Amino acid sequence: MVPRPLTVLQVLPALESGGVERGTLEVARELVRHGHRSLVISAGGRMVAELERDGSEHIQWDIGRKSLWTLRLIPRLRRFLRENQVDILHARSRLPAWVCYLAWKGMAPQTRPRFVTTVHGLYSVNRYSAIMTRGERVIAVSNTVRDYILTNYPLTDPARIKVIHRGVDPAEFPHGYQPSPGWLAQWRAQYPQLQGKYVITLPGRLTRWKGQEDFIRVIAGLKQRGLPVHGLLVGDAHPRKQHYAAELRAKVAEAGLSADITFTGHRSDLKEIMAVSDVVLSLSTDPEAFGRVSLEALSLGVPVAAYNHGGVAEQLAAVFPVGRVPVGDYAAMMQRLAGWHAQAPSVPGQHPFTLAHMLESTLDVYRKLAAAG
């Protein structure tokens, strides 16, 4: 018997940019590909055009706005769910999840949609965040997130949690990828100081927990050993955190590393930058819920060295165990990188964290829930 088409509604604050937003578009595209009806509610943003081009319907509501006004959307959403005969209601963020839950709770259990939440991050532990554990199925983006849920919300039934690791498309991030000659020429012209250097890249927003200060220490230590390294900090600071970017630049100058560490600011060509790097680092002092960028680097075949916690540690354990370094031990990180400079490690050509597996697992959650209803 062919399963009937489903109507799936995903709800999130906006569609500007980011991993949650990208995952929403990927699932939406897969739903359409399988003949289902895909709906998304958000306040809109630059990714809406792509969403609609791929066959989904976008409904523009400011459902992530932190205001009592947002609660007025509860009866409106309840009507929407009834009128569109939604089978699966999938909340991907905390405030939208509250609106979804309160609308859903007020519907007859026999006719309401099935309710799914995804815990994308290691949120602050409180009643507000607890809403993300209320789904009939709770998708955790890593085992780290599953453990976080069970530790901090022990009343959550483990049987309701489904671990679905985020995934990347090997066709989009192919092993051994090389940027185009045009890109390479432009890159070399912009950053001639990288020529002949062992390039170590730390991608990520300039914020205290991402480990940029440890990065400066690592580059300084490798320079003292006489290694021809150059560090790249790829990412910008939030407009309200520009003082931290200035603080980092001052630390680089104090360490005498102004010619050895480059701040690129925000770049939309991170794939190409990682492909021409010798190593990509993840030095987050707090565990990452998943850490998609490190997986993209591994998919490209670029060695990744990371502090051994969170979702990044799960990736390395499965794909590239030699990249794990004790958390906060930048001396061990220096030792590892010096060894890699002497003999480059090889990254396996395949990994289990594929986009196809993520999408199939997510649609399987939808199908099984709808069938059980």
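Everything numeric here is computed off the predicted structure, so don't read it as measured data.

Colleague: Can you walk me through the pattern of salt bridges in this structure?
Modeller: Oppositely charged side chains are able to pair whenever their charged atoms sit close together. In total, this model carries 20 salt bridges according to the counting rule given. A salt bridge links Arg 29 to Asp 54; the shortest N-O distance between them is 3.0 Å. Here Arg 29, found in helix α1 (residues 19-33), pairs with Asp 54, found in the loop between α2 (48-53) and β3 (57-60); they are 25 residues apart in sequence, far enough to count as distant. With a relative accessible area of 32%, Arg 29 lands in the partly exposed category. Judged by relative accessible area, which is 24%, Asp 54 ranks as partly exposed. Salt-bridge contacts for Lys 251 lead to Glu 213; the nearest nitrogen and oxygen are separated by 3.9 Å. Taken together, the residues span a long stretch of sequence, with Lys 251 in helix α9 (residues 242-254) and Glu 213 in helix α8 (residues 212-224) at a distance of 38 residues. Connected through shared salt-bridge partners, Arg 22, Arg 29, Glu 50 and Asp 54 make up one network.

Colleague: Is there a simple way to think about unusual backbone geometry in this case?
Modeller: Trans peptide bonds make up most of the peptide bonds, and negative phi angles are found at most residues other than glycine. Phi at Gln 85 takes a positive value of approximately 50 degrees, unusual for a residue other than glycine. Mapped onto the secondary structure, Gln 85 falls in the loop between α3 (73-83) and β4 (88-91).

Colleague: What's the story with the packing of α1 against helix α14 (residues 355-372) in this structure? I'm lost.
Modeller: The N-to-C vectors of α1 and α14 enclose an angle of 70 degrees; their axes lie 10 Å apart at closest approach. Between α1 and α14, the angle is such that the two are roughly perpendicular. As for how α1 packs across α14, the hand of that crossing is right-handed. Residues Glu 26, Val 27, Glu 30 and Leu 31 of α1 pack against Leu 355, Met 358, Leu 359, Thr 362, Leu 363 and Tyr 366 of α14. Its residues placed into classes, the contact of α1 with α14 shows seven nonpolar, one polar and two charged.

Colleague: Teacher, can you tell me more about the packing of α3 against helix α4 (residues 94-105) here?
Modeller: What describes two packed helices is the angle between their axes and the distance between those same axes. At a minimum axis distance of 8 Å, the contact between α3 and α4 shows a crossing angle of 60 degrees. Here α4 runs oblique to α3, going by the angle between their axes. In the crossing of α3 with α4, the sense of the turn from one axis to the other is right-handed. Listed contacts from α4 to Leu 73, Ile 74, Leu 77 and Arg 78 of α3 are Val 99, Cys 100, Leu 102 and Ala 103.

Colleague: Explain the pairing of β3 to me, please; I cannot follow it from the model alone.
Modeller: Along any regular strand the residues' side chains alternate between the sheet's two faces. The sheet contact formed by strand β2 (residues 37-42) and β3 spans four bridges and is parallel. Bridge pairing in β3 places Ser 42 opposite Gln 60.

Colleague: Can you walk me through the sheet that holds β2 in this structure?
Modeller: One key point about sheets: their strands pair by backbone hydrogen bonds, in either a parallel or an antiparallel sense. Across the sheet, which stays open at both edges, the seven strands sit in the order β3-β2-β1-β4-β5-β6-β7 with parallel pairing between neighbours. Only two strands of the sheet have a single neighbouring strand rather than two, namely β3 and β7 (161-163). Each strand of the sheet is rotated relative to its neighbour by a mean of 20 degrees, with strand direction disregarded. Seen against the sheet, helix α6 (residues 143-152) touches β5 (114-119), β6 (137-140) and β7 and runs at an angle of roughly 160 degrees to β7.

Colleague: Got a minute to help me understand the nonpolar core in this structure?
Modeller: When a protein is soluble and globular, its nonpolar side chains tend to lie buried together. Leu 9, Leu 281 and Leu 337 are the most contacted members of the largest nonpolar core, which has 98 residues in total. Among the elements that make up this core, the one with the highest residue count is α4 (seven residues). Of all hydrophobic cores here, the second largest spans 16 residues; its members include Val 116, Ile 164, Leu 359 and Tyr 366.

Colleague: Can you walk me through the pairing of strand β10 (residues 261-265) in this structure?
Modeller: Judged by how many residues are buried, β10 sits mostly within the fold: four of five residues are covered. Here four bridges tie strand β9 (residues 229-234) to β10, and the two strands are oriented parallel to one another. Counterpart to Leu 232 in the pairing with β10 is Thr 262. Each parallel crossover has a hand, and for β9 linked through α9 to β10 it is right-handed.

Colleague: Any chance you could explain the packing of aromatic side chains here in plain terms?
Modeller: The geometry of two aromatic rings is summed up by the distance between their centres and the angle between their planes. Taken as a whole, this structure holds nine aromatic pairs when the rule is applied. Ring plane angle 70 degrees and centroid distance 5.8 Å describe the contact between Trp 61 and Phe 80, whose orientation is recorded as edge-to-face. Residue Trp 61 is found in the loop between β3 and α3, and its partner Phe 80 is found in helix α3; the two are separated by 19 residues along the sequence. When sorted by exposure, Trp 61 lands in the same class as Phe 80, which is buried. Geometrically, the ring pair formed by Tyr 101 and Phe 115 is tilted, given 6.2 Å between the ring centres and 40 degrees between the ring planes. Residue Tyr 101 is located in helix α4, and its partner Phe 115 is located in strand β5; the two are separated by 14 residues in the primary sequence. Here the two residues Tyr 101 and Phe 115 agree in accessibility, since each one is buried. One aromatic cluster in this structure is built from Tyr 101, Trp 104 and Phe 115. In this structure, Arg 65 packs its charged tip against the face of Trp 69, placed 5.1 Å from the ring centre. Between the NZ or CZ atom of Lys 271 and the centre of the ring of Phe 173, over which it lies, the distance is 5.6 Å.

Colleague: Before we go on, may I ask you to explain helix α7 (residues 181-190) in this structure?
Modeller: Along an α-helix, residues three or four apart share an orientation, since each turn contains 3.6 residues. Residues of α7 that are buried include every one of Trp 183, Leu 184 and Trp 187, and no others. One face of α7 carries all of its buried residues, which in axial projection span an arc of 95 degrees. Among the exposed residues of α7, those pointing more than 90 degrees away from its buried face are Pro 181, Gln 186 and Ala 189. Looking at the buried side of α7, the elements it contacts are β9 and α10 (270-275).

Reading the values: rules and limits
- Residues numbered from 1 in each chain as written.
- Predicted model: local features only at pLDDT ≥ 70, side-chain atom pairs only at ≥ 80, totals over all residues.
- Heavy atoms only, no water.
- Salt bridge = Lys/Arg side-chain N within 4 Å of Asp/Glu carboxyl O.
- Helix = DSSP H or I, 4+ residues; strand = E, 2+ residues; numbered from the N terminus.
- Buried < 20%, exposed > 50% of the residue type's maximum accessible area, 1.4 Å probe, protein only.
- Axes fitted to C-alpha atoms, helices over the stretch in contact; angles between N-to-C directions.
- Parallel < 35°, antiparallel > 145°, perpendicular 65-115°, else oblique.
- Left-handed = near helix turned anticlockwise from the far one by under 90°.
- Contact = heavy atoms within 4.5 Å.
- Nonpolar A, V, L, I, M, F, W, Y, C, P; charged D, E, K, R; others polar.
- Pairing = 2+ DSSP bridges.
- Core = buried A, V, L, I, M, F, W, Y, C linked by side-chain atoms within 4.5 Å.
- Right-handed = clockwise from strand over helix to strand, strands pointing away.
- Phe/Tyr/Trp six-rings, centres within 6.5 Å; stacked < 30°, edge-to-face > 60°.
- Lys NZ or Arg CZ within 6 Å of the ring centre and 35° of its normal.
- Arc of directions from axis to C-beta.

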